[in-house]
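Tertiary structure, described
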Amino acid sequence: MGSVKEYFKSLGTGVASLVKGMQVTGKEFLTPKITERYPEDRETRQWPERFRAVLRFKYDDNGRAKCIACGICERNCPNGTIKIETKMVDLPDGKKKRKLDKYLYDLGSCTFCDLCVTSCPHDAIEFNNDFEQAVFTRGKLLKQLNDRPEPEEPQPTAEELAKAAAEREAKIAAAKEKAAALKAQREAAKESGAETPANDAAAKAAAAAAGDPEKEAKIKAALEKAAKLRAEREAAKKAAGEDAPKA
């Protein structure tokens with residue numbers, strides 16, 4: 001008798017559960033559909049601006065990348081997602097400049113933390129909304145962001161070239177003058193017999209500070225202080241020699 005009672009009890013529980021489930025199913029059956037029509041509406045769908053999909057470069061009005069290869073984004077990336085390679089190029093005016101060679105970005109290891117974007121001092125990179133990045137091999141997730149042809153550097157004018165040449169000549173002449181002044185000071189010290197390591201260092205410092213009044217004043221004050229201390233030591237030695245008992 002007990003088994004029959006348990007049978008009908010479990011049957012009633014099952015029917016009640018079935019009715020409850022059918023109520024939920026019927027309610028959802030009448031609810032308006034919100035199924036996404038992707039990819040049919042790919043051209044018209046608007047994605048949130050804050051959505052981060054993949055990193056990309058930003059360019060100025062002349063088509064040049066804003067990135068200067070400073071490496072701040074590479075150092076701030078917690079996963080080592082970014083790798084920057086640089087190169088040295090010769091400018092038309094004879095100077096050298098470090099430029100970006102390759103900006104490598106591994107989408108597969110990116111956590112989209114946005115630290116690279118917020119730390120960039122030149123606003124050179126950003127995340128776009130292009131989320132369609134599915135590929136068949138992991139190697140295709142490694143992207144080179146500077147994939148555009150780099151515009152040629154503007155050629156300097158004749159005035160700029162002349163100015164750069166004049167600056168180079170002025171630097172060379174200033175270096176020669178410093179070397180000559182240092183040589184003259186050394187020769188004078190040799191003739192006076194006062195050439196010591198301290199004097200040689202003082203001469204070098206004075207030659208290096210030539211043309212800077214503030215540095216020259218500091219060096220002069222230091223030399224006067226050193227001379228005063230030296231005189232006091234000599235006086236103390238002399239006094240100690242005179243006070244010593246004679247045999």
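Residues numbered from 1 in each chain as written. Predicted model: local features only at pLDDT ≥ 70, side-chain atom pairs only at ≥ 80, totals over all residues. Heavy atoms only, no water.

Below, the discussion takes up the packing of aromatic side chains. By the definition in use, this model includes five aromatic pairs. With a centroid separation of 4.9 Å and an interplanar angle of 70 degrees, the aromatic rings of Phe57 and Tyr103 are classed as edge-to-face. With Phe57 in strand S1 (residues 54-57) and Tyr103 in strand S3 (residues 96-106), this residue pair connects regions lying 46 residues apart in the sequence. With respect to burial, Phe57 and Tyr103 carry one shared label: buried. Through a chain of ring-to-ring contacts, three or more aromatic side chains come together here, namely Phe57, Tyr59 and Tyr103. For the cation-ring pair, Arg45 lies above Trp47, with the distance from its terminal atom to the ring centre recorded as 5.8 Å. Positioned over the ring face of Tyr59 is Arg148, at 3.8 Å from the centre of the ring. (Phe/Tyr/Trp six-rings, centres within 6.5 Å; stacked < 30°, edge-to-face > 60°. Helix = DSSP H or I, 4+ residues; strand = E, 2+ residues; numbered from the N terminus. Buried < 20%, exposed > 50% of the residue type's maximum accessible area, 1.4 Å probe, protein only. Lys NZ or Arg CZ within 6 Å of the ring centre and 35° of its normal.)

The three strands are arranged S2-S3-S5 in an open sheet whose pairing can be described as antiparallel. The strands lining the two open edges of the sheet, one partner per strand, are strand S2 (82-90) and strand S5 (142-144). Between one strand axis and the next, the sheet turns through 25 degrees on average, direction left out of account. Where S3 and S5 come together, three bridges link them in antiparallel fashion. Across the sheet, Leu104 pairs through a bridge with Gln144, a residue of S5. (Pairing = 2+ DSSP bridges. Axes fitted to C-alpha atoms, helices over the stretch in contact; angles between N-to-C directions.)

Examined against the element boundaries, Asn128 turns out to sit in strand S4 (residues 125-128). It is 7.5 Å that separates the C-alpha atoms of Asn128 and Phe51, two residues lying 77 residues apart in sequence. In contact with Asn128, not counting residues within four places along its chain, are Phe51, Arg52, Ala53, Val54 and Arg56. (Contact = heavy atoms within 4.5 Å.)

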